[in-house]
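Residue strings, one per chain:
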Amino acid sequence: MHVCALAQASMTTLSQIQDTGISGLWILANVSFAGMRAQNNRSVLWRTLTFIFGLPGTIVTFLAVVEGSDRAYGIDLPRKGRP
């Protein structure tokens with residue numbers, strides 16, 4: 001009986017770790033896409049990957065963040081190498 005409970009607790013912990021990893025990837029992709037869009041990044045590959053991994057949140061970012069505005073969701077982004 002104890003072995004069964006221990007196995008079930010282990011699977012629950014493993015499931016939580018996997019869910020946290022997926023959520024972390026989703027959040028990172030959304031933040032990255034917002035930053036790349038706001039700073040007008042020209043990397044088509046990275047923008048496409050972050051868009052796909054961040055769906056559906058990146059659709060909101062696509063509509064809410066102005067291309068090249070250096071501002072995403074009310075946060076001024078640094079302007080490295082630009083006036």
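The following refers to the structure shown.

Analysis parameters
Residues numbered from 1 in each chain as written. Predicted model: local features only at pLDDT ≥ 70, side-chain atom pairs only at ≥ 80, totals over all residues. Heavy atoms only, no water. Phe/Tyr/Trp six-rings, centres within 6.5 Å; stacked < 30°, edge-to-face > 60°. Lys NZ or Arg CZ within 6 Å of the ring centre and 35° of its normal. Helix = DSSP H or I, 4+ residues; strand = E, 2+ residues; numbered from the N terminus. Buried < 20%, exposed > 50% of the residue type's maximum accessible area, 1.4 Å probe, protein only. Polar contact = N/O pair within 3.5 Å; in protein donor to acceptor, adjacent residues only side chain to side chain. Contact = heavy atoms within 4.5 Å. Arc of directions from axis to C-beta.

1. Quick look at the packing of aromatic side chains
For the structure on display, the rule yields 1 aromatic pair. Over the ring of Phe-62 we find Arg-37; its NZ or CZ atom is 4.3 Å from the centre of that ring.

2. Things to note about the environment of Arg-42
Locating Arg-42 in the fold gives a position in the loop between helix H1 (2-38) and helix H2 (44-53). Judged by relative accessible area, Arg-42 falls into the exposed class, the value being 66%. Polar contacts involving the side chain of Arg-42 include one to the side chain of Asn-40, which spans 3.5 Å.

3. Remarks on the side chain of Thr-50
Mapped onto the elements of the fold, Thr-50 is located in helix H2. Judged by relative accessible area, Thr-50 falls into the buried class, the value being 10%. Here Arg-47 takes part through its backbone oxygen, which lies 3.1 Å from a polar atom of the side chain of Thr-50. The residues contacting Thr-50, other than those within four sequence positions of it, are Ala-29, Ser-32, Phe-33, Met-36 and Thr-58.

4. Digging into the side chain of Arg-47
The topology assignment puts Arg-47 in helix H2. In this structure the side chain of Arg-47 is engaged in a polar contact, spanning 2.8 Å, whose partner is the backbone oxygen of Asn-41. Residue contacts for Arg-47: discarding those within four places in its chain leaves Phe-33, Met-36, Arg-37, Asn-40, Asn-41 and Glu-67.

5. Overview of the environment of Asp-70
Within the secondary structure, Asp-70 is located in the loop between helix H3 (57-64) and strand E1 (71-72). A sequence separation of 34 residues divides Asp-70 from Met-36, and the C-alpha atoms of the two residues are 9.3 Å apart.

6. Side note on H3
Working note: α-helix, 3.6 residues per turn, so residues spaced by three or four point in the same direction. When we look at burial in H3, the residues that qualify are Gly-57, Thr-58 and Thr-61. Taken down its axis, H3 places every buried residue within 90° of arc, on the same side.

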